[in-house]
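These are the residues of each chain, in order.
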Amino acid sequence: MAEKLQNNFMKAATVKGYGSIAKVVVKEKKRPSPGKNDVLVEVHCSSVNPKDWKLNKAITALIPDVGFRPFIIGDDLSGVVVEKGSEVTEFDVGDEVYGMDMRLRTSACADYASIATSRIARKPANISHREAGVAPLAALTALQGFKIAELKRGQRILIIGASGGVGTYAVQIAKALGAEVTAVCSYRNIDLVKSLGADHVIDYTENDFTNNEDSFDVIFDATSYESAKTCASLMQQGGLFVTTFGQSKGFSSAIISRLFPVQHRTLAVTVESNTDDLNELTELFEKRALKTVLDSEFSFGDIDEAYQRSMTGRAKGKIAIKVLESNQVTRK
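Calculation rules
Residues numbered from 1 in each chain as written. Predicted model: local features only at pLDDT ≥ 70, side-chain atom pairs only at ≥ 80, totals over all residues. Heavy atoms only, no water. Helix = DSSP H or I, 4+ residues; strand = E, 2+ residues; numbered from the N terminus. Buried < 20%, exposed > 50% of the residue type's maximum accessible area, 1.4 Å probe, protein only. Polar contact = N/O pair within 3.5 Å; in protein donor to acceptor, adjacent residues only side chain to side chain. Contact = heavy atoms within 4.5 Å. Salt bridge = Lys/Arg side-chain N within 4 Å of Asp/Glu carboxyl O. Pairing = 2+ DSSP bridges. Axes fitted to C-alpha atoms, helices over the stretch in contact; angles between N-to-C directions. Parallel < 35°, antiparallel > 145°, perpendicular 65-115°, else oblique. Nonpolar A, V, L, I, M, F, W, Y, C, P; charged D, E, K, R; others polar. Expected span 1.5 Å × (residues − 1). Core = buried A, V, L, I, M, F, W, Y, C linked by side-chain atoms within 4.5 Å.

Trainee: What's the story with the side chain of Thr292 in this structure? I'm lost.
Mentor: The residue Thr292 is located in the loop between helix H7 (275–286) and strand S14 (294–299) in this model. By relative accessible area, which is 13% here, Thr292 ends up buried. Reaching out from Thr292, the side chain makes a polar contact with the backbone oxygen of Glu131 at a distance of 2.8 Å. Polar contacts involving the side chain of Thr292 include one to the side chain of Tyr169, which spans 2.7 Å. With sequence-adjacent residues up to four places away left out, Thr292 is seen in contact with Glu131, Val134, Ala135, Tyr169 and Phe285.

Trainee: When you look at the pattern of salt bridges in this model, what are you seeing that I'm missing?
Mentor: Close approach of charged atoms allows side chains of opposite charge to pair. The full count for this structure, using the stated rule, is 17 salt bridges. As a salt-bridge pair, Lys147 and Asp277 come within 2.5 Å of each other at their nearest N and O atoms. Of this pair, Lys147 sits in helix H3 (residues 136–149) while Asp277 sits in helix H7; the two residues are 130 residues apart in sequence, bridging distant segments of the chain. Assessed through its relative accessible area of 38%, Lys147 is described here as partly exposed. For Asp277, a relative accessible area of 8% corresponds to the buried category. In this structure, Glu180 engages Arg156 in a salt bridge whose closest nitrogen and oxygen atoms are separated by 3.7 Å. Within this pair, whereas Glu180 is found in strand S9 (residues 180–185), its partner Arg156 is found in strand S8 (residues 156–160), the two being separated by 24 residues in sequence.

Trainee: Would you mind showing me how to read the pairing of strand S3 (residues 38–48) here?
Mentor: Every other side chain in a regular strand lies on the same face of the sheet, so the side chains alternate between the two faces. With 11 of 11 residues buried, S3 is to be regarded as a mostly interior element. Summarising the sheet, S3 and strand S6 (residues 112–116) pair through 5 bridges and their orientation is antiparallel. The partner of Val41 across the bridge, within S6, is Ala113. In this sheet, strand S4 (residues 77–84) lies alongside S3 in antiparallel orientation, the contact comprising 6 bridges. Paired with Val39 across the bridge in S4 is Lys84. Pairing geometry for S3 and strand S15 (residues 318–322), over 4 bridges, is antiparallel. Bridge assignment links Val48 to a residue of S15, and that residue is Ile319.

Trainee: What is the right way to look at the packing of H3 against H7 in this model?
Mentor: Each pair of packed helices can be described by the angle between their axes along with the distance between the axes. The N-to-C vectors of H3 and H7 enclose an angle of 100°; their axes lie 10 Å apart at closest approach. Judged on the interaxial angle alone, H7 and H3 are roughly perpendicular. Between H3, through Pro136, Ala139, Leu140, Leu143, Gln144 and Lys147, and H7, the contact on the second element is made entirely by Asp277, Leu278, Glu280 and Leu281. Here the contact of H3 with H7 is composed, by residue class, of 6 nonpolar, 1 polar and 3 charged.

Trainee: Even after reading the chapter, I still don't get H3, so can you show me in this structure?
Mentor: Note on helix geometry: an α-helix contains 3.6 residues per turn, so any two residues three or four positions apart are oriented the same way. Here H3 spans 19 Å end to end across 14 residues, near enough to the 20 Å set by a 1.5 Å rise per residue. A large share of H3 lies buried, amounting to 12 of its 14 residues. Of the residues making up H3, those classed as buried are Pro136, Leu137, Ala138, Ala139, Leu140, Thr141, Ala142, Leu143, Gln144, Gly145, Phe146 and Ala149.

Trainee: Help me understand the nonpolar core in this model?
Mentor: Side chains of nonpolar character tend, in soluble globular proteins, to be buried together. Membership of the largest hydrophobic core comes to 50 residues, with the highest contact counts inside it found for Phe146, Ile157, Ile159, Phe220 and Leu281. For this core, the secondary-structure elements that each account for two or more residues are H3, S8, helix H4 (165–176), S9, helix H5 (190–195), strand S11 (216–221), strand S12 (235–243) and H7. Among the elements that make up this core, the one with the highest residue count is H3 (8 residues). Val43, Val97, Phe298 and Tyr307 belong to the second-largest nonpolar core, a separate cluster that totals 28 residues.

Shown next, in the form of structure tokens:
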């Protein structure tokens with residue numbers, strides 16, 4: 001039987017103000033109730049992703065809060081199930097879970113979040129909520145990018161943006177799949193990227209990596225600043241360019257590739273959380289083939305500072321938001 005929560009309110013991160021001056025603040029909001037196929041998760045950790053300030057914060061800062069859309073920030077979460085819907089059988093109260101929902105957002109930067117069971121999995125047993133709570137969006141982007149690329153053992157892959165949130169997971173997952181990995185990052189992060197398993201590293205501050213003489217089966221652009229055109233000389237005949245779609249250049253290159261015949265195909269990752277893929281990540285975590293690289297951790301009340309850190313574009317790995325310490329809603 002689900003635990004009863006003492007009141008209907010919680011602390012949650014939302015946006016105060018409009019446009020460029022909008023700030024992310026913590027306010028009291030109504031606690032959600034799980035639907036019949038959902039669970040209510042007491043959130044221990046969430047994260048800040050570039051998507052949060054490129055899309056979620058921007059939308060929230062433009063439209064007044066009149067109750068017809070989610071105003072709570074955050075996609076990733078890790079926490080504990082405290083209630084479950086009437087038709088939920090695969091999870092129980094007390095289970096530790098992680099995941100996200102990309103259908104606009106999970107509303108995860110809050111004491112509690114309601115999420116469909118199809119979007120979560122049990123948290124890897126050997127890692128903390130902090131390590132799990134920052135992983136879903138970034139790690140699933142890498143995993144699903146390699147699935148659409150059909151990355152195979154022995155293939156050569158170039159990972160652009162290898163020291164960022166998506167990139168650090170991408171290097172490790174590509175190695176776990178048996179690929180030969182060349183990583184692109186700045187000189188500050190060479191040792192980090194090598195420690196994650198990269199076979200070769202290119203310092204983009206010293207050399208224009210697009211003029212490199214090597215050629216690759218797959219190019220995975222975690223920055224989405226490049227395109228198949230700018231990287232054409234790096235791809236083998238029939239090579240594949242995979243973009244994460246986060247910038248307009250990545251978006252436009254994917255569209256052009258579909259509309260007009262090009263020498264090299266471009267595919268875009270449209271990441272979606274699902275239990276099967278999360279379970280694949282769990283297996284990699286528990287086999288110690290995958291780990292989280294944490295750039296920094298911010299308290300719930302300092303979430304706007306976390307946004308500012310993400311917006312610099314210089315984070316090494318992921319930015320965590322420690323939610324549980326601010327949880328003021330007690331349970332019977």
